[in-house]
Amino acid sequence: MSKSTPISIKMKKFMQSQLAIPILALLVLVVFNLIRDPGFFSIAIKQNNLGNTVLTGNLISILNGASELVILAIGMTLVTSATKGQDISIGAAAAIAGSIFVKVLRANTITIPVIFLGLICACLVATIFCLFNGVLIAKFNIQPMIASLILFTAGRPIAYWINGGATPNVESSLLGYLGGFIPHIAIPSPILIVILFIILIMLVLKKTNLGLYIQAVGINERAARLNGINPILMKMVVFVILGVCVSLAGSMNVCRIGLINHETILLDIEMDAILAVAIGGNSLGGGKFKLSGSIIGAYIIQALTITLYAMKVSSTAVKAVKAVVIIALVVIGSPVVKEMFGKFKNRLNGSPAKKVVEVK
């Protein structure tokens, strides 16, 4: 009888872990790009239009381009865990937050304090709209996707109305603090913001019982209530966090492009956020979650997008190719496929099938 080595045991545990599929998918993308173009991940140092020294390259583009998606995927993960459903209105809510942000900036001389004021105002308004969804879900037991369909439909017209039916622009070098580059720092500011946001969320979940309570509500709401956890409060909390995520993502996107267009800002981002949660191995039926899986899932989506554009795939075909790849990843990571793989592996190893003995 052969004994398993520590390495094989660790490998077996890794393959059975939630992060196995997203990490392997990311590695496949990395290896594919290195074979296709050895210089794909090369990083260069250049000067931008403002004369600042900055980092450029596909790797920077992936990390930078996925910033809004990573932030929204974190919020979507918590909402999915607590409510057993998804909020499909985050793109529309981001448009509202972006409109409020632009309105504050245009009403004042743009300075660092004014930018933070605009971000706070956007956060307050976006949180109110997200709590509207939270009330429908927590108090009236409406399914999350149906409840958020209202804001999904009305959100972008509301964003259009906030700025008087226009698509105003904002111009200032200070916008780089949220959507470009901070002077004398070569790394794009969205990457730094994402790092700080992830650290903050992780600290909150690790240093408090919030993560445990959210998972308890998602796993069994009745049992959570019997253990002194208020399910309605926990659901409201996750929508407050989602409001912060939405406002930050919307404001960052406005600072990137220097204007607010209610029709195009973060268009279809809710679908990518849901896919990031699924690719990360999290159950879309709620319960236990792993934020690191959703974060990796978001970077996989962005890396796939950059890869397809580097391969000269037309923009109209990119979505179709992404859909096929993502469906394959989700199917491979499904419990049914994992169970089939386990049975196949047992047959190869010659392990007898386990029999269930009924105890009378």
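Just above sits the structure.
Residues numbered from 1 in each chain as written. Predicted model: local features only at pLDDT ≥ 70, side-chain atom pairs only at ≥ 80, totals over all residues. Heavy atoms only, no water.

This paragraph deals with the overall build of the protein chain. Secondary structure assignment for the protein chain yields 17 helices and two strands. Here the C-alpha radius of gyration of the protein chain, 22 Å, is about what a compact globule of 360 residues would show, namely 21 Å. Across its three principal axes, the protein chain shows a C-alpha extent of roughly 75 × 55 × 40 Å. Contacts spanning at least 24 positions in sequence make up 72% of the contacts within the protein chain whose residues lie at least 6 apart. Surface summary for the protein chain: the accessible area is close to 19,100 Å², and the carbon and sulfur share equals 67%. If the 29 positive side-chain charges of the protein chain are averaged to one point and the 11 negative ones to another, these points end up 14 Å apart. (Helix = DSSP H or I, 4+ residues; strand = E, 2+ residues; numbered from the N terminus. Rg over C-alpha atoms; globule rule 2.2 N^0.38 Å. Contact = heavy atoms within 4.5 Å. Areas by Shrake-Rupley, 256 points an atom, 1.4 Å probe, with all protein chains shown as cover. Lys, Arg positive; Asp, Glu negative; His and termini not counted. Charge placed at Lys NZ, Arg CZ, Asp CG, Glu CD.)

Okay, the packing of helix α5 (residues 90-106) against helix α13 (residues 231-257) next. Across the interface, α5 lies against α13 with an axial gap of 7 Å and an inter-helix angle of 60°. Classified by the angle their axes make, α5 and α13 are oblique. In this structure, the crossing between α5 and α13 has a hand that is right-handed. Only Leu242, Val246, Ser247, Gly250, Ser251, Val254 and Cys255 of α13 make contact with α5, whose side of the interface consists of Ile90, Ala93, Ala94, Ala97, Gly98, Phe101 and Val102. (Axes fitted to C-alpha atoms, helices over the stretch in contact; angles between N-to-C directions. Parallel < 35°, antiparallel > 145°, perpendicular 65-115°, else oblique. Left-handed = near helix turned anticlockwise from the far one by under 90°.)

Moving on: the environment of valine 254. Positionally, valine 254 belongs in helix α13. On the basis of relative accessibility, which here comes to 1%, the residue valine 254 falls in the buried class. Separated by 84 residues in the primary sequence, valine 254 and valine 170 place their C-alpha atoms 8.5 Å from one another. (Buried < 20%, exposed > 50% of the residue type's maximum accessible area, 1.4 Å probe, protein only.)

Let's shift gears to the pairing of strand β2 (residues 53-56). With four bridges joining them, strand β1 (residues 44-47) and β2 adopt antiparallel strand pairing. Residue pairing across strands places alanine 44 opposite threonine 56, the latter belonging to β2. What sits between β1 and β2 in their antiparallel hairpin is a turn of five residues, with glycine 51 showing a positive phi close to 85°. (Pairing = 2+ DSSP bridges.)

As a further point, take helix α11 (residues 210-219). Every buried residue belonging to α11 is among Leu210, Gly211, Ile214, Gln215, Val217 and Gly218, and all of these are buried. Seen along its axis, α11 keeps its buried residues to an arc of 160°; they face one direction. Among the structural elements, α4 (67-83), α10 (189-207), α12 (221-226) and α13 are those in contact with the buried residues of α11. (Arc of directions from axis to C-beta.)

Attention shifts here to the nonpolar core. By size, the foremost hydrophobic cluster in this structure holds 90 residues, and its most contacted members are Val70, Phe101 and Val246. Setting aside chain neighbours within four positions, we find valine 246 in contact with Leu72, Ile90, Ala93, Ala94, Ala97, Ala126 and Cys130. (Core = buried A, V, L, I, M, F, W, Y, C linked by side-chain atoms within 4.5 Å.)

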